[in-house]
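Each chain is listed here by its residues.
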Amino acid sequence: MTAKIRPAKGAPYARILGVGGYRPTRVVPNEEILKHIDSSDEWIRSRSGITTRHWAGPEETVAEMTLAAAGKAIADAGVTPEQIGAVVISTVSHFKQTPSIATEIAHRLGTGKAAAFDISAACAGFGYGLTIAKGLVVEGSAEHVLVVGVERLSDLTDLTDRTTAFLFGDGAGAVVVGPSEEPAIGPAVWGSEGDKADVIAQTVPWDEYREGTVEKFPALRQEGQTVFRWAVFEMAKVAQQALEAAGITADDLDVFIPHQANMRIIDSMVKTLKLPEHVTVARDVETTGNTSAASIPLAMERLLATGQARSGDTALVIGFGAGLVYAATVVTLP
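The rules we used
- Residues numbered from 1 in each chain as written.
- Predicted model: local features only at pLDDT ≥ 70, side-chain atom pairs only at ≥ 80, totals over all residues.
- Heavy atoms only, no water.
- Helix = DSSP H or I, 4+ residues; strand = E, 2+ residues; numbered from the N terminus.
- Rg over C-alpha atoms; globule rule 2.2 N^0.38 Å.
- Buried < 20%, exposed > 50% of the residue type's maximum accessible area, 1.4 Å probe, protein only.
- Contact = heavy atoms within 4.5 Å.
- Areas by Shrake-Rupley, 256 points an atom, 1.4 Å probe, with all protein chains shown as cover.
- Lys, Arg positive; Asp, Glu negative; His and termini not counted.
- Charge placed at Lys NZ, Arg CZ, Asp CG, Glu CD.
- Pairing = 2+ DSSP bridges.
- Axes fitted to C-alpha atoms, helices over the stretch in contact; angles between N-to-C directions.
- Core = buried A, V, L, I, M, F, W, Y, C linked by side-chain atoms within 4.5 Å.
- Parallel < 35°, antiparallel > 145°, perpendicular 65-115°, else oblique.
- Left-handed = near helix turned anticlockwise from the far one by under 90°.
- Nonpolar A, V, L, I, M, F, W, Y, C, P; charged D, E, K, R; others polar.
- Phe/Tyr/Trp six-rings, centres within 6.5 Å; stacked < 30°, edge-to-face > 60°.
- Patch = residues over 30% accessible without salt bridge, like charges linked within 9 Å, V, L, I, M, F, W, Y side chains within 5 Å.
- Salt bridge = Lys/Arg side-chain N within 4 Å of Asp/Glu carboxyl O.
- Expected span 1.5 Å × (residues − 1).

K.L.:
Sorry, what's going on with the overall build of the protein chain here?
P.N.:
Scanning the protein chain for helices and strands turns up 10 helices and 14 strands. The C-alpha radius of gyration computed for the protein chain amounts to 19 Å, which stays within 12% of the reference 20 Å derived for 334 residues, consistent with globular compactness. Along the longest, intermediate and shortest principal axes, the C-alpha atoms of the protein chain span 65 × 50 × 40 Å. Burial status across the protein chain gives 54% buried among its 334 residues. Restricting to contacts in the protein chain with at least 6 residues of sequence separation, those with at least 24 account for 77%. Total accessible area computed for the protein chain in this model is approximately 14,700 Å², and 51% of it derives from carbon and sulfur atoms. When the 29 positive and 40 negative side-chain charges of the protein chain are each reduced to one mean point, those points stand 2 Å apart.

Written out as structure tokens, the structure reads:
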């Protein structure tokens, strides 16, 4: 006799209930970057739109930045740590292979025995985490899920690499996902293109560095023009698919929050998508730099804090990066 498995009883839908962020106190202007590369402030601004970025100090570890952002998101959501049933953290700059940083965070927040795990999806990590969180809430495995994107990319930056030295910043962004009576997180359009894995990658594997076969600490490198073309043309298609999956058009949008990789990429995507003038576009990259998995929630928090976006607005979010991986969806802002 085959036993019948009881069906899951979760929420009908899921939504983002609260958002929080943490930016390190140290602000690094382009002038400091120029001490290490042969370039100019004008060149950096024209290529990336970046004027400053935040770099973490010794005390601003991946864990401490995560705790700060998570605490704000939990408070903003109006829930307690004990109500968090799962903790999902996306990062590529937590250098301890195991245990996951998520288990430490779940414990230090006081969640009790929440499920906790890390994911590695680079700049698409927030979108991946959001999709997982939505599934957990609707499936019934957790009523509330904490999703965090956190990076200390300054640890993986080669200051002598003229193509990347000015790009990366540090920070943490978090959201709490919980039950909803109406759809507030659309279907995910996500995927990977592993044939392009070498386009954005770590310079050398950890074991090669450990064995002393290279002198420099592993860093991030990328093929800038290839990334630019892929992001602008291919990711614009993914963004359009996310709109269609949610059953809306660009005219229905209030806000566009792309991964904060580069101002030129953002502006080109806006043009390719033919977004109406009324759509608010996140351009947090100017003063925050590229923070990978943290960039979307950090940009979301800033838009809401400054009044450029409002609770209930409809936003298109899309992340894309090393892998190459991508994830896009439409959400209702908390």
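K.L.:
How should I be thinking about the sheet that holds strand β13 (residues 314-321) in this particular structure?
P.N.:
Hydrogen bonds along the backbone pair up the strands of a sheet, which may run parallel or antiparallel. Read from one edge to the other, the open sheet built from five strands follows the order β8-β14-β13-β11-β12, with strand pairing classed as mixed. The sheet is open, and its two edges are formed by β8 (189-192) and β12 (280-281), each paired on a single side.

K.L.:
I'm lost on the sheet that holds strand β7 (residues 170-180) in this one. Help?
P.N.:
Read from one edge of the open sheet, five strands run β1-β7-β6-β4-β5, paired in mixed fashion. Lying at the two open borders of the sheet, with one neighbouring strand each, are β1 (13-22) and β5 (115-119). This sheet shows a mean twist of 20° between the axes of neighbouring strands, independent of strand direction. Helix α10 (residues 295-306) contacts β1 and β7 of the sheet and is inclined by roughly 85° relative to β1.

K.L.:
Looking at this structure, how should I read the nonpolar core?
P.N.:
One recurring pattern in soluble globular proteins: nonpolar side chains tend to sit buried together. Ranked by size, the top nonpolar core spans 49 residues in total, and within it Met-235, Phe-256, Ile-265, Leu-275, Leu-316, Ile-318 and Phe-320 carry the most contacts. Taken together, the elements giving at least two residues each to this core come down to α7 (224-246), α8 (263-273), β13 and β14 (325-332). The element contributing the most residues to this core is α7, with 11 residues. If we ignore the near neighbours within four places in the chain, the residues touching Ile-318 are Met-235, Val-238, Ala-239, Phe-256, Ile-257, Pro-258, His-259, Met-269, Ile-296, Ala-327 and Ala-328. Ala-11, Ala-121, Tyr-128 and Val-331 belong to the second largest nonpolar core, which has 34 residues in total.

K.L.:
Just to check I follow, could you spell out the packing of α7 against α8 for this structure?
P.N.:
Any two packed helices are characterised by the angle at which their axes cross and by the distance between the axes. At a closest axis distance of 9 Å, the pairing of α7 and α8 adopts a crossing angle of 45°. Classed by the angle they form, the pair α7 and α8 counts as oblique. For the crossing formed where α7 meets α8, the hand is right-handed. Residues Phe-228, Ala-231, Val-232, Met-235, Ala-236, Ala-239 and Gln-240 of α7 form the contact with α8, whose own contacting residues are Arg-264, Ile-265, Ser-268, Met-269, Thr-272 and Leu-273. Taken together, the residues of the contact of α7 with α8 break down into nine nonpolar, three polar and one charged.

K.L.:
Please explain the packing of aromatic side chains as it appears in this structure.
P.N.:
The description of two aromatic rings rests on the distance between their centres and on the angle between their planes. Here the structure, examined in full by the defined rule, presents four aromatic pairs. Between Tyr-128 and Trp-190, the aromatic rings sit 4.9 Å apart at their centres with planes inclined by 65°, giving edge-to-face as the arrangement. Residue Tyr-128 is located in helix α5 (residues 125-139), and its partner Trp-190 is located in strand β8; the two are separated by 62 residues in the primary sequence. The exposure class assigned to Tyr-128 is buried, which follows from its relative accessible area of 18%. Judged by centre distance (6.3 Å) and plane angle (75°), the ring pair of Trp-230 and Phe-320 falls under edge-to-face. Highlighted residues: Trp-230 in helix α7 and Phe-320 in strand β13, separated in sequence by 90 residues. Overall, the relative accessible area of 4% leaves Trp-230 in the buried class.

K.L.:
I would appreciate a short explanation of a nonpolar patch on the surface in the present structure.
P.N.:
Together, Phe-95, Trp-206, Tyr-209 and Phe-217 make up an exposed nonpolar region whose accessible area comes to about 370 Å². Mapped onto the secondary structure, Trp-206 falls in helix α6 (residues 206-210). When its relative accessible area of 36% is taken as the criterion, Trp-206 is described as partly exposed.

K.L.:
Got a minute to help me understand helix α3 (residues 62-77) in this structure?
P.N.:
Note on helix geometry: an α-helix contains 3.6 residues per turn, so any two residues three or four positions apart are oriented the same way. Taking 1.5 Å per residue as the helical rise, α3 with its 16 residues ought to reach 22 Å, and the 22 Å between its terminal C-alpha atoms agrees with that figure. Along α3, the residues that are buried comprise Val-62, Ala-63, Met-65, Thr-66, Leu-67, Ala-69, Ala-70, Ala-73, Ile-74 and Ala-77. Tucked into the core, α3 has its buried residues touching β1, β4 (84-90), α4 (101-109), β6 (144-152) and β7. Just beyond α3, the residue with positive phi is Gly-78, at close to 75°.

K.L.:
I would appreciate a short explanation of α5 in the present structure.
P.N.:
The end-to-end C-alpha distance of α5, which contains 15 residues, comes to 21 Å, matching closely the 21 Å that a straight helix rising 1.5 Å per residue would cover. Among the residues of α5, those classed as buried are Gly-125, Phe-126, Gly-127, Tyr-128, Gly-129, Leu-130, Ala-133 and Val-137. Gly-140 sits one or two residues past α5 and shows a positive phi near 100°.

K.L.:
Is there a simple way to explain the packing of α3 against α4 in this structure?
P.N.:
Taken N-terminus to C-terminus, the directions of α3 and α4 make an angle of 50°; their axes are 10 Å apart at the nearest point. Regarding the angle of α3 to α4, the classification is oblique. The handedness of the crossing between α3 and α4 comes out as right-handed. For the pair α3 and α4, contact is made by Val-62, Ala-63, Glu-64, Thr-66, Leu-67, Ala-70 and Ile-74 and by Ile-101, Glu-104, Ile-105, Arg-108 and Leu-109, respectively. Looking at the contact of α3 with α4 residue by residue, the classes come out as eight nonpolar, one polar and three charged.

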